[in-house]
Amino acid sequence: MIITKKKDFGDILEYLKGREKVFLFGCNSCAEQCRTGGEREVEEMKRLLGEEGKEVTGSSVVDETCYNMLIKREFKRKEAAASSDAILVLACGAGVRTVAENTDDGTPVLPALDTLFLATVERYGRFFEGCSLCGECVLGETAGVCPHTYCPKGLLNGPCGGMDGGRCEVDLENGCAWIDIYRRLKAQGRLHVLKRISPPKDHSKDLTRPRKVVLDRGVRGGA
Amino acid sequence: MKALKSKLDSKEFAVTAEICPPRGTDTSVFMDKARLLKGTVDAANVTDNQRAVMRLSSLACSLLLMREGIDPVFQMTCRDRNRLAIQSDIMGAFVLGIRNILALTGDHVSFGDHREAKAVFDIDSVQMVDVISKLNGGTNMKGTPLNGRTDLFIGAVVAPEADPWEPEMIKFEKKIEAGARFFQTQAFYDMHTFRGFFEYAAQFDVKILGGILLLKSAKMAHFLNKNVPGVNVPQHLIDELESSENQLETGIRIAARQLKELKTFCHGAHIMAIGQEESVVKIIEEAQ
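Residues numbered from 1 in each chain as written. Chains lettered and ligands numbered in written order. Predicted model: local features only at pLDDT ≥ 70, side-chain atom pairs only at ≥ 80, totals over all residues. Heavy atoms only, no water.

### Notes on the overall build of chain A
Keep this limit in mind: Numbering of helices and strands runs from the N terminus, with a helix taken as a DSSP run of H or I at least four residues long and a strand as a DSSP run of E at least two residues long. The atom set for the radius of gyration is the C-alpha atoms, and the globule formula is 2.2 Å times the number of residues raised to the power 0.38. Relative accessibility thresholds used throughout: buried, under 20% of the residue-type maximum; exposed, over 50%; partly exposed, between the two (1.4 Å probe, protein chains only). Note on definitions: a residue-residue contact is assigned when non-hydrogen atoms from the two residues lie within 4.5 Å. What sets the accessible areas is the Shrake-Rupley method with a 1.4 Å probe; for residues, cover comes only from the shown protein chains.
A tally of helices and strands in chain A yields 10 helices and 10 strands. For chain A, whose C-alpha radius of gyration is 22 Å, the value lies well above the compact-globule estimate of 17 Å for 223 residues. Oriented by its inertia axes, the alpha-carbon framework of chain A measures out at about 65 × 45 × 30 Å. Taken over 223 residues, chain A has a buried fraction of 39%. Considering only residue pairs separated by 6 or more positions, chain A has 61% of its internal contacts joining residues 24 or more positions apart. On chain A, roughly 12300 Å² of surface is accessible, and the fraction owed to carbon and sulfur atoms is 50%.

Shown next as structure tokens:
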């Protein structure tokens, strides 16, 4: 699940300065669950923009705004989407990007949300970061606790001097990731894994941007 | 005066102190403090944007100390430089004549004066020690031969009172395996616990310099207990400070007592006085 939060409405109005006809995209997946881009939030945005004298030309809440085929279909279905002064997208950055891919260069596609992280859903409405998408999973050596995600310094060889009675000094609400890793590895009888020096991370696996994956036909299945 | 390494190698008790670079380019106060320490300590550590507060470069200030005839311990954190900058600055320090380096993780940027900064932590402190060992061995961290190697005395940090203790000791041993030869410890106030750590460390071929942090007041002791991980000032020392007329003098007496005791069994001591360099001289004199 991709976690998003609403941008300040003042910032959105600033984006829309001089643009009177606005089309809205929402997303029925992650943004709906985050209460940032579902039907309810799109309706709310319509009302707010209306109060500011903007004309909302139409809206689409797509099942997955990051899915190119679905966005393409919406542009075919709703003529207003392509003929507005601006398109405001209530979805994650990938959703905004997908909409932008389907517009001509002259139409601004604007984000209504800030995209935060990839989350574990603790329960409805409670999300915590689960993975930093680093491209080189170390969870096998760290007993399922990600040091890139849970250690604010992303250390790979154990706790730093900021560990305080098992807590992290950056935020004492949080446990030290490395103490958690240590306890789990110890319980698993795998403390030898912690005793090995971990080499520096290979950032060539996550910093070559933009990243892309293309599956071959056999993996894709179907036609 | 013997440089830090030869003093430790000859099994003499070594004393180091910490000195903090100025916020700006006026080095007059920094140099005054350095001159106070000259002849008193065996080496002086130069902190690297300590507590993530931006200050004059630790490399530049290490060079200033060297010119003054003081053996510097160049502190380098993992917070502000990626692996390219770390290697080139370490070699830079070496060609300028610096011979001691202390590899640290570094405080998180959220504690400092540039909270919006990107914290680098491209490599961690264990990996930094390993990188310096490789530079000493004549290659860069990728194994590519260098045209001229470094020959640095590699130091690292350990927290003898860390709770829990075992993961800290695992990291301590990794630093030794990576090539650390001396350790300046986090401040401690319980000599019994420290002796336990020292006995444990005795199985390794490394030099330990026990960390002494000058208690300037009872208020500072309370602050340390509340805010600094791994530092525990016991109540009897707080009482001693509170009941005294001149708390700084009492703090100096406590530090001198620690130093005197360390001299009976440890390889050395590292005195952190945080801006009170003149007190370092008093601590050392009082511990004679």
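### Section: the layout of surface pockets
How we decide: For cavity detection a 1 Å grid was placed over the protein atoms alone, and a set of points counts as a cavity when a 1.4 Å probe fits there but cannot get out; an open set counts as a pocket when protein lies on both sides within 12 Å along at least five of seven lines, with lining residues being those that have an atom within 4 Å of a point. Grid points are joined across faces, edges and corners, and a volume is the space filled by probe spheres set on the points. Charged means Asp, Glu, Lys or Arg here, nonpolar means Ala, Val, Leu, Ile, Met, Phe, Trp, Tyr, Cys or Pro, and polar covers whatever is left, Gly included.
Its boundaries defined by the atoms lining it, the second largest pocket holds a volume of some 770 Å³. The wall of the second largest pocket is formed by 27 residues, among which A:His148, A:Gly154, B:Lys118, B:Ala119 and B:Val120 lie closest to the centre. Residue classes in the lining of the second largest pocket are distributed as 12 nonpolar, eight polar and seven charged.

### Some thoughts on the interface of chain B and chain A
This is how it is decided: Buried area: the sum, over both parts, of the accessible surface (1.4 Å probe) that disappears when the two are put together. What counts as a salt bridge is simple: a side-chain nitrogen of Lys or Arg found within 4 Å of a carboxyl oxygen of Asp or Glu. Pairing of N or O atoms within 3.5 Å defines a polar contact, subject to two protein rules: one partner must be a possible hydrogen donor and the other a possible acceptor, and residues neighboring in sequence count only if both atoms are side-chain atoms.
The partner chain A presents 29 residues to the 28 residues of chain B that form the contact. Interface area for chain B against chain A, summed over the two sides, is near 2400 Å², with a carbon-plus-sulfur share of 58%. Counting across the chain B and chain A interface gives one salt bridge. Where B:Glu166 meets A:Lys186, a salt bridge forms, and the shortest distance between an N and an O atom there is 2.8 Å. Connecting chain B to chain A are 16 residue pairs in polar contact (both at pLDDT 80 or more).

### Quick notes on the domain arrangement of chain A
This is how it is decided: The domain limits used here are those given by an automatic or database domain assignment.
According to the domain assignment, chain A consists of domain 1 (2–117) and domain 2 (135–198). Here the C-alpha centroids of domain 1 of chain A and domain 2 of chain A sit 39 Å apart.

### Structural notes on the packing of aromatic side chains
Residue and element names in this part refer to chain B. Rule in force here: Two aromatic rings, drawn from Phe, Tyr or Trp (for Trp, its six-membered ring), form a pair once their centres lie within 6.5 Å of each other, and the interplanar angle then sorts them: stacked below 30 degrees, edge-to-face above 60, tilted otherwise. Placement of a charge over a ring requires the Lys NZ or Arg CZ to be within 6 Å of the ring centre, with the centre-to-atom vector within 35 degrees of the ring normal.
For the structure on display, the rule yields 12 aromatic pairs over all chains. Geometrically, the ring pair formed by Phe194 and Phe265 is tilted, given 6.1 Å between the ring centres and 55 degrees between the ring planes. Residue Phe194 is located in helix H7 (residues 191–201), and its partner Phe265 is located in the loop between helix H10 (247–263) and strand S8 (268–272); the two are separated by 71 residues in the primary sequence. Considered together, Phe194 and Phe265 belong to a single accessibility category, that of buried residues. On the numbers, 6.0 Å between centres and 65 degrees between planes, the contact of Tyr200 with Phe204 is edge-to-face. For Tyr200, a relative accessible area of 23% puts it in the partly exposed group. Aromatic rings pair up to connect Trp165, Phe172, Phe183, Phe188, Phe194, Phe197, Phe198, Tyr200, Phe204 and Phe265 into one cluster. We note Arg51 situated over the ring of Phe111; from NZ or CZ to the ring centre the distance is 4.5 Å. In this structure, Arg195 packs its charged tip against the face of Phe265, placed 4.1 Å from the ring centre.

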